[in-house]
Amino acid sequence: MLVLLPPSETKRSGGFAQPLDLAQMSYSSLTPQREAVVRSLVALSDDPLSATRVLKLGPKQIGEIEVNATLRESPTMPAADRYTGVLFDALDAVSLDGAARRWLSSHVRIQCAPFGLVGALEKIPSYRLGASASLPGLPSLKRVWADAVSAALHEASPRLLLDMRSEAYVALGPVPATVPSVYVRVVSDSGEGEVRALNHFNKHAKGALVRLLATSRPRVSTLPGLLRWASSEGVNMRVTNDTEVLLIV
């Protein structure tokens, strides 16, 4: 099973590893896109006014321009440790033991705007770039990434893909029809058979689910197997159709 997560706008600063090396990242087929996006993002930092507009920065976020300017030289850390925010705080990857972190490394991918697909423990620098940004000299990020990421997912050929990305990041890499997948939608149950979508708790529930998967490490490769595991762990999951599963909290 492969789990796809979105990134987070908020990130830990600093790091302990070597600077970014695009040539050494997984999914080497994405290297040309990574080079193009990183080059444009770094160059944008030379024009603070344009960078502020393109990145939609507020007065207290101007420092993010310098973060992007030094992206190639900055220290890196595992992606799951780099991101903060509701989903990643619930996952709390830094507190997991070695076996759980190895599960994350093997089974979790995060899709981000500058690098495409990255492994959960793949080392990345801090940056500022959202899915909807329009970088100078490049088409939309959707046009940069969509076909390339879809092809990479096809090549990975997981037996089951659990898609927990937000809609903006789904658009940057649609799951190809060749890959068996389900989209996870978080809802609450009224107790009368009706469900409603959640916002804040949507992210928390996804992070908690991935943490539970990492700590229990089930041998799951089909949707029925996932549902059996969820039931055994007290997780309420319900299939709505062949491409969507509800996570009920």
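In case you missed it, the structure is sitting above this.
Residues numbered from 1 in each chain as written. Predicted model: local features only at pLDDT ≥ 70, side-chain atom pairs only at ≥ 80, totals over all residues. Heavy atoms only, no water.

Engineer: Please provide a residue-by-residue account of the overall build of the protein chain, values included.
Structural biologist: Counting secondary structure elements, the protein chain contains 10 helices and 10 strands. Computed over its C-alpha atoms, the radius of gyration of the protein chain comes to 18 Å, within 12% of the 18 Å expected for a compact globule of 249 residues. With respect to the three principal axes, the spread of C-alpha positions in the protein chain is 55 × 35 × 35 Å. Taking all 249 residues of the protein chain together, the buried fraction comes to 50%. Sequence-distant contacts, at least 24 apart, represent 69% of the contacts inside the protein chain between residues at least 6 apart. Carbon together with sulfur atoms contributes 51% to the accessible area of the protein chain, which is approximately 11,800 Å² in total. If you average the places of the 27 positive and of the 23 negative side-chain charges in the protein chain, the two averages end up 2 Å apart. (Helix = DSSP H or I, 4+ residues; strand = E, 2+ residues; numbered from the N terminus. Rg over C-alpha atoms; globule rule 2.2 N^0.38 Å. Buried < 20%, exposed > 50% of the residue type's maximum accessible area, 1.4 Å probe, protein only. Contact = heavy atoms within 4.5 Å. Areas by Shrake-Rupley, 256 points an atom, 1.4 Å probe, with all protein chains shown as cover. Lys, Arg positive; Asp, Glu negative; His and termini not counted. Charge placed at Lys NZ, Arg CZ, Asp CG, Glu CD.)

Engineer: Give a detailed account of the nonpolar core, specifying residues and quantitative values.
Structural biologist: Among the nonpolar cores identified, the biggest contains 76 residues, and Val3, Leu104, Phe115 and Leu129 are the most heavily contacted of them. Looking at this core, the element that brings in the most residues is helix 7 (residues 141–156), giving 7 residues. In this structure Phe115 touches Leu20, Leu22, Met25, Leu30, Arg34, Val38, Leu71, Ile124, Pro125, Tyr127 and Trp145, once residues within four positions along its chain are discounted. (Core = buried A, V, L, I, M, F, W, Y, C linked by side-chain atoms within 4.5 Å.)

Engineer: Describe the packing of helix 1 (residues 31–44) against helix 7, naming the residues involved and giving the relevant values.
Structural biologist: In a pair of packed helices, the angle between the axes and the distance between the axes together describe the arrangement. Orientation of helix 1 relative to helix 7, taken along the N-to-C sense of each, is 165°, at an axis distance of 10 Å. In terms of orientation, helix 1 lies roughly antiparallel with respect to helix 7. Crossing hand, helix 1 versus helix 7: left-handed. Residue-level contacts link Gln33, Arg34 and Val37 of helix 1 to Leu141, Val144, Trp145 and Ala148 of helix 7. (Axes fitted to C-alpha atoms, helices over the stretch in contact; angles between N-to-C directions. Parallel < 35°, antiparallel > 145°, perpendicular 65-115°, else oblique. Left-handed = near helix turned anticlockwise from the far one by under 90°.)

Engineer: Describe in detail the pairing of strand 3 (residues 108–112), supporting the description with residues and values.
Structural biologist: Taken across its 5 residues, strand 3 has 5 buried, putting it largely inside the fold. Where strand 1 (residues 2–5) meets strand 3, 3 bridges bridge the pair, whose relative direction is parallel. Within strand 3, the position partnered with Val3 by the bridge is Val108. With 4 bridges connecting them, strand 3 and strand 4 (residues 116–119) associate as antiparallel partners. Its bridge partner being in strand 4, Cys112 is matched across the sheet by Gly116. Between strand 3 and strand 4, which pair antiparallel one after the other, the connecting turn spans 3 residues. (Pairing = 2+ DSSP bridges.)

Engineer: So, the side chain of Ser8: which residues are in play, and what are the values?
Structural biologist: Residue position: Ser8 is located in the loop between strand 1 and helix 1. You can call Ser8 buried: its relative accessible area is 14%. At a separation of 2.7 Å, a polar atom in the side chain of Ser8 contacts the main-chain carbonyl oxygen of Thr84. Apart from residues no more than four positions distant in its own chain, Ser8 is found in contact with Tyr83, Thr84, Gly85 and Phe88. (Polar contact = N/O pair within 3.5 Å; in protein donor to acceptor, adjacent residues only side chain to side chain.)

Engineer: An account of helix 6 (residues 98–107) is needed here, citing residue identities and associated values.
Structural biologist: Think of an α-helix as 3.6 residues a turn; residues three or four steps apart then line up on the same face. Turning to helix 6, its buried residues are Ala100, Arg101, Trp103 and Leu104. Burial along helix 6 is one-sided: seen end-on, the buried residues are contained in an arc of 150°. For helix 6, the side-chain oxygen to backbone nitrogen distance between the N-cap and Ala99 is 3.3 Å, and the N-cap itself is Asp97. (Arc of directions from axis to C-beta.)

The values are spatial; any link to function lies outside them.
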